[in-house]
Amino acid sequence: MGVNLYIELKKKELGFVNYPLCISSFDIKRCEIKSFDSTSGAIVCAESNANESHIFGLEESGNIANCYIAELELMNYIDDTNGAEVKENQFYKDKATLVDAWRSKEHALEMLRGKPADGYRQLPIYIHILKTVYPNSYISMHKSSTDEFMYLFIALRPLMRGFQFCRPVVIVDGAHLDGPYKGTFVSASTLDGADITFLYCCILPLAYGIVDTENDASWMWIFQNFKNAFGERDNMCVVSDRNESIIKSVSMVFPNVPHFACIWHIWKNVCTKYRRSKAVLSDIFYSMAKAYRKDEVDKLMAKVERIDQRVAQYLKNAGYEKWSRVHATVNRGRMMTSNIAECINGCLVEARELPIIDFLEQTRMLFGSWTCKNREIASYTKHTLGRKFEDILVSNTIKCSRMKVHDTYFLIHIY
């Protein structure tokens, strides 16, 4: 395992010029002596285990001299900070500048996770393992002419099989990666019909991948691979924000599949351009977007025109079929926003800082846990419909049983 390391930066204390740094040299295997070079900041270490975490606790104090707890024996402290060797059961305690602490932390993370460039070299091995574990999955990687990584597309077989039992509404979105090589994480997902009473159990991830940036070439490649993996279904549609590259790629790869806009992003654009009317028109817009009758949309649009004609003109120019449920050319159901894709991005915020292999593995485990939860819920379901919709029908049945039937005087003519 190596030498244990614990680093705590007291960032909340603005008066601190130096930052506390505490390093333990307890070797778990107790086999060899490790070294620490304080001049260069090089540390040979691994992460501290939970049993020793109480030893490294830092007191909340404004005085940096009192930041270290006194339980540690003084004989184990290393006073000579220029010493090149640290033995077992000793502690190095010193004041480190922010740069020194940051370098130490980065070096420790590099030892734990490996160098970021190594992950890209291991991608072919990782893809081979995925294809072995998930047979008949569709996984594709694209490199540049100089043999550099550019795009990755992953559609695992269990997720591919689930799509045929869902409404063909695909939500796509992208999120920036925070690693040293940046890049963009893209995902395609939909809703399953099992149960929407749980926050994430309603999401069925379909495919995910990594591209260099969101442009025409990358989205074209993603949608082409999505078509190769899932094909094109009847009454299929794509929902996303108003990214021009997504709209263009959908029209070229799926010429018969309409693209719909997320109504939240539509309204966000309205708020940015016409701030004066956003508080008054918010409820009107969402009622208009979710309406089931065209005459209701017309009445609400008339209200919008009386309040602010600029907003009404913007919504008309955007196209009714893009944001209005009743004007949609296919049935997009209750998926009026791209919230499920945003939920995926939100669950992977911390993982997006990891190297590429670790990030892909975290994504796979997250999607696998959701799918496992969906399967568990479905295994206890004895009805054709999902739990929420079954409860609605039961509630309506109970209400109907309490209704009274009266004689009617209306004549029904049958021709």
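Please read all numbers here as calculations on a predicted model, not as lab measurements.

### Some words on the overall build of the chain
A tally of regular secondary structure across the chain gives 14 helices and 15 strands. When each of the 415 residues of the chain is scored for burial, the buried share is 43%. Taking as baseline every contact in the chain between residues at least 6 positions apart, the subset at least 24 positions apart corresponds to 65%. A total accessible area of about 24100 Å² is found for the chain, and carbon and sulfur atoms account for 52% of it.

### Comments concerning helix H7 (residues 263-273)
Every buried residue belonging to H7 is among Ile263, His265, Ile266, Trp267, Val270 and Cys271, and all of these are buried. Buried residues along H7 sit against strand S15 (259-261), helix H8 (278-289), helix H10 (309-318), helix H11 (320-323) and helix H12 (339-347).

### Structural notes on the side chain of Thr190
Within the secondary structure, Thr190 sits in strand S12 (residues 184-191). Note on Thr190: relative accessible area 0%, which makes it buried. A distance of 2.8 Å separates a polar atom in the side chain of Thr190 from the backbone oxygen of Val169. Residues contacting Thr190, with those up to four places away along its chain left out, are Phe163, Cys166, Arg167, Val169, Cys202, Ile203, Leu204, Leu206, Met335 and Ile340.

### Overview of the environment of Ile154
Inspection of the secondary structure puts Ile154 in strand S10 (residues 149-155). Spatially, the C-alpha atom of Ile154 lies 5.8 Å from that of Gly209, the residues being 55 residues apart in sequence. Sequence-distant contacts of Ile154, that is, excluding residues within four places in its chain, are made with Leu130, Tyr138, Ile139, Ala207, Tyr208 and Leu360.

### Structural notes on the pairing of S12
The buried count for S12 comes to eight of eight residues, which makes it a mostly enclosed element. Burial along S12 is two-sided: Thr184, Val186, Ala188 and Thr190 and Phe185, Ser187, Ser189 and Leu191, pointing in opposite directions, are all buried. Bridge analysis of S12 against strand S13 (residues 203-211) gives eight bridges, and the strand direction is antiparallel. Looking across to S13, one finds that Val186 is bridged to Gly209.

### Here we look at the pairing of S13
A regular strand carries its side chains on alternate faces of the sheet. The buried fraction of S13 is high, at nine of nine residues. The pairing of S10 with S13 spans three bridges and is classified as antiparallel. Bridge pairing in S13 places Ile154 opposite Tyr208.

### Re the sheet that holds strand S11 (residues 169-176)
Spatially, seven strands are ordered S9-S10-S13-S12-S11-S14-S15 in an open sheet, and the strand pairing comes out mixed. Of all the strands in the sheet, the pair left with one neighbour each is strand S9 (138-143) and S15. Strand-to-strand twist across the sheet, computed as the mean angle between neighbouring axes with direction ignored, equals 20°. Taken together, the three bridges between S11 and strand S14 (residues 237-240) define a ladder with parallel strand orientation. Opposite Val169, over in S14, you have Cys237 as the bridge partner. Running at roughly 155° to S15, helix H6 (residues 244-253) makes contact with S11, S14 and S15 of the sheet.

### Topic: the state of the cysteines
Following the criterion strictly, the structure yields zero disulfides and no others. Distance from the sulfur of Cys343, which forms no disulfide, to the nearest cysteine sulfur (Cys347) is 6.6 Å.

### Observations regarding the environment of Arg334
Structurally, Arg334 can be placed in the loop between H11 and H12. The spatial distance from the C-alpha of Arg334 to the C-alpha of Lys290 is 8.4 Å, given a sequence separation of 44 residues.

### Description of H6
Along H6, the positions that sit buried rather than exposed are Ser245, Ile246, Ser249, Val250 and Val253. Down the axis, H6 shows its buried residues gathered within 130° of arc, on one side only. Exposed side chains of H6 directed beyond 90 degrees from the buried face belong to Glu244 and Met252. Tucked into the core, H6 has its buried residues touching S11, helix H5 (216-230), S14 and S15.

### Here we look at the packing of H7 against H10
At a minimum axis separation of 11 Å, H7 and H10 run at an interaxial angle of 145°. H10 is crossed by H7, and the crossing has right-handed handedness. On H10, the residues that touch Ile266, Asn269, Val270 and Lys273 of H7 are Val311, Tyr314 and Leu315. Residue composition of the contact of H7 with H10, by class: five nonpolar, one polar and one charged.

### What about the confidence of the model for the chain?
Of all residues in the chain, 69% have pLDDT values of 70 or greater, and the mean over the chain is 75. This stretch, residues 1-74, has a pLDDT under 50; its non-local contacts, to residues over four places away or in other chains, come to 153 contacts. Segment residues 195-200: pLDDT under 50, and 14 contacts once partners within four positions in sequence are set aside and those in other chains are kept.

### Brief notes about the packing of aromatic side chains
Tallied over the entire structure, the rule returns 16 aromatic pairs. Here the aromatic rings of Tyr138 and Phe153 are separated by 5.9 Å at their centres, their planes lie at 75°, and the arrangement is edge-to-face. In this pair, Tyr138 is assigned in strand S9 and Phe153 in strand S10, connecting sequence segments 15 residues apart. Since its relative accessible area comes to 2%, Phe153 is described here as buried. Each ring, one from Phe285 and one from Tyr286, has its centre 5.4 Å from the other, and the planes form 70°; the classification is edge-to-face. Residue Phe285 is classed as buried on the basis of its relative accessible area, which comes to 1%. The class for Tyr286 is partly exposed, based on a relative accessible area of 21%. By the ring-pair criterion, three or more aromatic residues cluster together here, those being Trp267, Phe285, Tyr286, Tyr320 and Trp323. Taking the ring centre of Phe163 as reference, the NZ or CZ of Arg233 above it sits at 4.8 Å.

Analysis parameters
Residues numbered from 1 in each chain as written. Predicted model: local features only at pLDDT ≥ 70, side-chain atom pairs only at ≥ 80, totals over all residues. Heavy atoms only, no water. Helix = DSSP H or I, 4+ residues; strand = E, 2+ residues; numbered from the N terminus. Buried < 20%, exposed > 50% of the residue type's maximum accessible area, 1.4 Å probe, protein only. Contact = heavy atoms within 4.5 Å. Areas by Shrake-Rupley, 256 points an atom, 1.4 Å probe, with all protein chains shown as cover. Polar contact = N/O pair within 3.5 Å; in protein donor to acceptor, adjacent residues only side chain to side chain. Pairing = 2+ DSSP bridges. Axes fitted to C-alpha atoms, helices over the stretch in contact; angles between N-to-C directions. Disulfide = S-S within 2.5 Å. Arc of directions from axis to C-beta. Left-handed = near helix turned anticlockwise from the far one by under 90°. Nonpolar A, V, L, I, M, F, W, Y, C, P; charged D, E, K, R; others polar. pLDDT = per-residue confidence, 0-100. Phe/Tyr/Trp six-rings, centres within 6.5 Å; stacked < 30°, edge-to-face > 60°. Lys NZ or Arg CZ within 6 Å of the ring centre and 35° of its normal.

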